[in-house]
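# Overview (structure and organization)
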Amino acid sequence: MDAEAHIQIQNITTTKRRNVNEQGGYEETACGKVVAVDPPGNAGSNNHNKGYHPLTSYLETIVHLFKGNIGPGLFAMGDAFKNGGLVVAPILTVVIAVMCIHCQHVLVACSKKMRDLHGEEICADYADTVRQCFENGPVKLRGWSRTMSRLVDVFICVTQLGFCCIYFVFISTNVKQILHASDIELDLRLVMVAALPPILLSCLITNLKWLAPVSLFANICMILGLSITLYYALRDGLPNIPDRALWTNGSQLALFFGTAIFAYEGIALVMPLKNSMAKTEQFEMTLGVLNVGMFLVSVMFLFAGSVGYMNWGEEVGGSLTLNLGDTILAQVVKAMVSMGVMFGYPLQFFVAIQIMWPRVKQSFRIDEEKRCLFGELLFRTIMVLITLSIAELVPALGLFISLIGALCSTALALVFPAVIELITRSEANKGPGFWICLKNLVILLLALLGFSTGTYESLKEIITHFNDEPK
């Protein structure tokens, strides 16, 4: 997930914690205190209440969905196509795209069904949807509702913090190349440490509204960087296709799966984006936000992966920016993309902290406002240092992306949607029906295959990387 798209998550969290109507309402502070707020339509308030955000249009939501799925995963698609082959990789990318988009529709449908069942005004987020589906499912599964909800939160946190680790590696790898072009040799791990101060300072900003300008700047950097990268790949034409592998072996395909599923990282955005729309029914219709937006995202993945692998072949890097050479413009692009990723870090980080901090605060019984702020800043600092430490241990960007994709993105993108559809479509003494069972069984088997083989191959390659690394 990227930049301004995270504001949509905050929208729905705020919606859940506020009850603002025509007569006014209330909102909850960081330490759980309830304070009064003016209604959005009150002229005296000027619509500047903390946490109030206007609803989004069809086009605005597509932009948020688009940006929420474009990040380091897009720049890694060249490496994914190297592991999949020039013929097999595009086919499997389309298959993964269709499954992921279908599972996002399943999540929306299950959330709507739970909303109607409970008579609520808005659809629940991912974790609450899973909890409600289990609570209203077969009797034997109801006791698992809170466990499954917590498990979704754990996977989201691991995925988001995994993204943050990848961001450290992505930034430092590109900056190291920039320094090398200027005849400055610096160890990759030292570059990561040098990137810590600006990242840490930006992560100490606890109000998401203050990060909006940072988000805009990050998006501009990413879009310009991607455009110039593709220009570099295409300016001299493409080599002959026979020079590239058309298919690969099973172990490489497992790495391809991890990278490709990582690229479709935006399922946690689906419900927040739908709930933030002025006309929510436009989200999941045939030519709605979800289908149109994800189609555009998938086309970009296919284009970036195909062009990157056809141009650079087996030498394609874990990020396309690593193949740009030592020209001045190439260094500008690397710096631009690195800044875009750096300023996207606090927004990726925000999602995990939003889930984790309330539980930490409750465990340590932090109630006072000053202690609460100090505690949150300390917790944020510790978590940033943890992500840096993990990145220092596993500096191989492509392998890191494959591992996070296979381990966590598979569960969020494929497993949980298939499971909750089986639960919500079940009828008393009948089950969900043959075709629903067959479809979801195929999805679960493919997910399990990708999860097991992708995780195994990623860990094996990471171990090999450690053993081969010069002492």
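Being a predicted model, the structure only gives us computed values, none of them experimental.

This part takes up the overall build of the protein. Of regular secondary structure, the protein possesses 17 helices and two strands. Out of the 471 residues belonging to the protein, those deemed buried represent 54%. Contacts in the protein between residues at least 24 apart in sequence constitute 78% of all its contacts with a sequence separation of at least 6. Split by element, the accessible area of the protein, about 21,000 Å² in all, is 65% carbon and sulfur.

Next up on the list: the pattern of salt bridges. This structure, assessed with the given rule, holds 11 salt bridges. Across the pair Arg359 and Asp153 runs a salt bridge, and its minimum N-O distance is 3.2 Å. Taken together, the positions of Arg359 in helix α14 (residues 328–363) and Asp153 in helix α8 (residues 145–181) put the pair 206 residues apart, joining distant regions of the chain. On the accessibility criterion, Asp153 (12% relative accessible area) is buried. Shared partners join several salt bridges into a network, and the residues in it are Lys112, Lys274 and Glu284.

On to the packing of helix α6 (residues 126–135) against α8, then. With their axes 8 Å apart at the nearest point, α6 and α8 run at an angle of 160° to one another. Classified by the interaxial angle, the pair formed by α6 and α8 is roughly antiparallel. Where α6 crosses over α8, the handedness of that crossing is right-handed. Within the contact between the two elements, α6 uses Tyr126, Ala127, Asp128, Val130, Arg131, Phe134 and Glu135 and α8 uses Ser145, Arg146, Met148, Ser149, Val152 and Asp153. A per-class count over the contact of α6 with α8 returns six nonpolar, two polar and five charged.

Let us look at the packing of helix α5 (residues 88–118) against helix α11 (residues 250–263). Across the interface, α5 lies against α11 with an axial gap of 11 Å and an inter-helix angle of 45°. Taken together, α5 and α11 sit at an angle that is classed as oblique. Where α5 crosses over α11, the handedness of that crossing is right-handed. From α5, Val88, Ala89, Leu92, Thr93, Ile96 and Cys100 reach across to α11, where they touch Leu253, Phe256, Phe257, Ala260 and Ile261.

Residues three or four positions apart in an α-helix share a direction because the helix packs 3.6 residues into each turn. Of all the eight residues making up helix α4 (residues 77–84), eight are buried; the element is thus mostly covered by neighbouring parts of the structure. For α4, the set of buried residues is Met77, Gly78, Asp79, Ala80, Phe81, Lys82, Asn83 and Gly84. Trailing α4 by a residue or two, Gly85 shows a phi angle of about 95°, which is positive.

With that settled, consider a nonpolar patch on the surface. On the surface, a cluster of nonpolar side chains totalling about 560 Å² of accessible area is made up of Val87, Ile91, Val95, Ile241, Leu246 and Trp247. With a relative accessible area of 60%, Trp247 lands in the exposed category.

Here we come to the confidence of the model for the protein. On average, residues of the protein score 78 in pLDDT, and 81% of them are at 70 or above. Every residue in residues 1–52 scores below 50 in pLDDT, and together they form 124 contacts with partners more than four places removed in sequence or on other chains.

What follows is about the nonpolar core. Among the nonpolar cores identified, the biggest contains 118 residues, and Phe168, Ile199, Tyr345, Phe349, Val384 and Leu414 are the most heavily contacted of them. When residues of this core are assigned to their parent elements, the largest contribution, 15 residues, is made by α8. Contact partners of Leu414, with chain neighbours within four places excluded, come to Met99, Cys100, Cys103, Phe257, Ile261, Ser409, Ile443 and Ala447.

A few words on the packing of aromatic side chains. Tallied over the full model, the rule gives eight aromatic pairs. Here Tyr345 and Phe349 contribute two aromatic rings whose centre-to-centre distance is 5.9 Å and whose plane-to-plane angle is 25°, an arrangement assigned as stacked. Of this pair, Tyr345 and Phe349 are both found in helix α14, four residues apart, which corresponds to roughly one turn of the helix. On the accessibility criterion, Phe349 (0% relative accessible area) is buried. Every member of this aromatic cluster is reached through a ring pair, and the members are Phe168, Tyr345 and Phe349.

In this fold, Met383 is placed in helix α15 (residues 369–393). Among the residues examined, Met383 registers a relative accessible area of 8% and is labelled buried. For the pair Met383 and Leu161, spaced 222 residues apart in sequence, the C-alpha separation works out to 8.5 Å. The residues contacting Met383, other than those within four sequence positions of it, are Leu161, Phe349, Ile353 and Met356.

What follows concerns α6. Taking burial as the measure, the 10 residues of α6 include nine buried ones, the bulk of the element. Listing the buried residues of α6 in full gives Tyr126, Ala127, Asp128, Thr129, Val130, Arg131, Gln132, Cys133 and Phe134.

As a further point, take the state of the cysteines. Counted according to the given criterion, the structure contains zero disulfides. The cysteine Cys133 is free of any disulfide, with Cys110 supplying the nearest cysteine sulfur at 4.7 Å. Classification of Cys133 as buried rests on a relative accessible area of 1%. Free cysteine: Cys164, not disulfide-bonded; nearest cysteine sulfur from Cys203 at 6.7 Å. The exposure class assigned to Cys164 is buried, which follows from its relative accessible area of 0%.

Take Thr410: it is sitting in helix α16 (residues 397–424). Overall, Thr410 belongs to the buried group, its relative accessible area being 1%. Among all residues touching Thr410, those that are not within four sequence positions of it are Phe257, Ile261, Gly405, Val415, Ala447 and Phe451.

Cut-off values and rules
- Residues numbered from 1 in each chain as written.
- Predicted model: local features only at pLDDT ≥ 70, side-chain atom pairs only at ≥ 80, totals over all residues.
- Heavy atoms only, no water.
- Helix = DSSP H or I, 4+ residues; strand = E, 2+ residues; numbered from the N terminus.
- Buried < 20%, exposed > 50% of the residue type's maximum accessible area, 1.4 Å probe, protein only.
- Contact = heavy atoms within 4.5 Å.
- Areas by Shrake-Rupley, 256 points an atom, 1.4 Å probe, with all protein chains shown as cover.
- Salt bridge = Lys/Arg side-chain N within 4 Å of Asp/Glu carboxyl O.
- Axes fitted to C-alpha atoms, helices over the stretch in contact; angles between N-to-C directions.
- Parallel < 35°, antiparallel > 145°, perpendicular 65-115°, else oblique.
- Left-handed = near helix turned anticlockwise from the far one by under 90°.
- Nonpolar A, V, L, I, M, F, W, Y, C, P; charged D, E, K, R; others polar.
- Patch = residues over 30% accessible without salt bridge, like charges linked within 9 Å, V, L, I, M, F, W, Y side chains within 5 Å.
- pLDDT = per-residue confidence, 0-100.
- Core = buried A, V, L, I, M, F, W, Y, C linked by side-chain atoms within 4.5 Å.
- Phe/Tyr/Trp six-rings, centres within 6.5 Å; stacked < 30°, edge-to-face > 60°.
- Disulfide = S-S within 2.5 Å.

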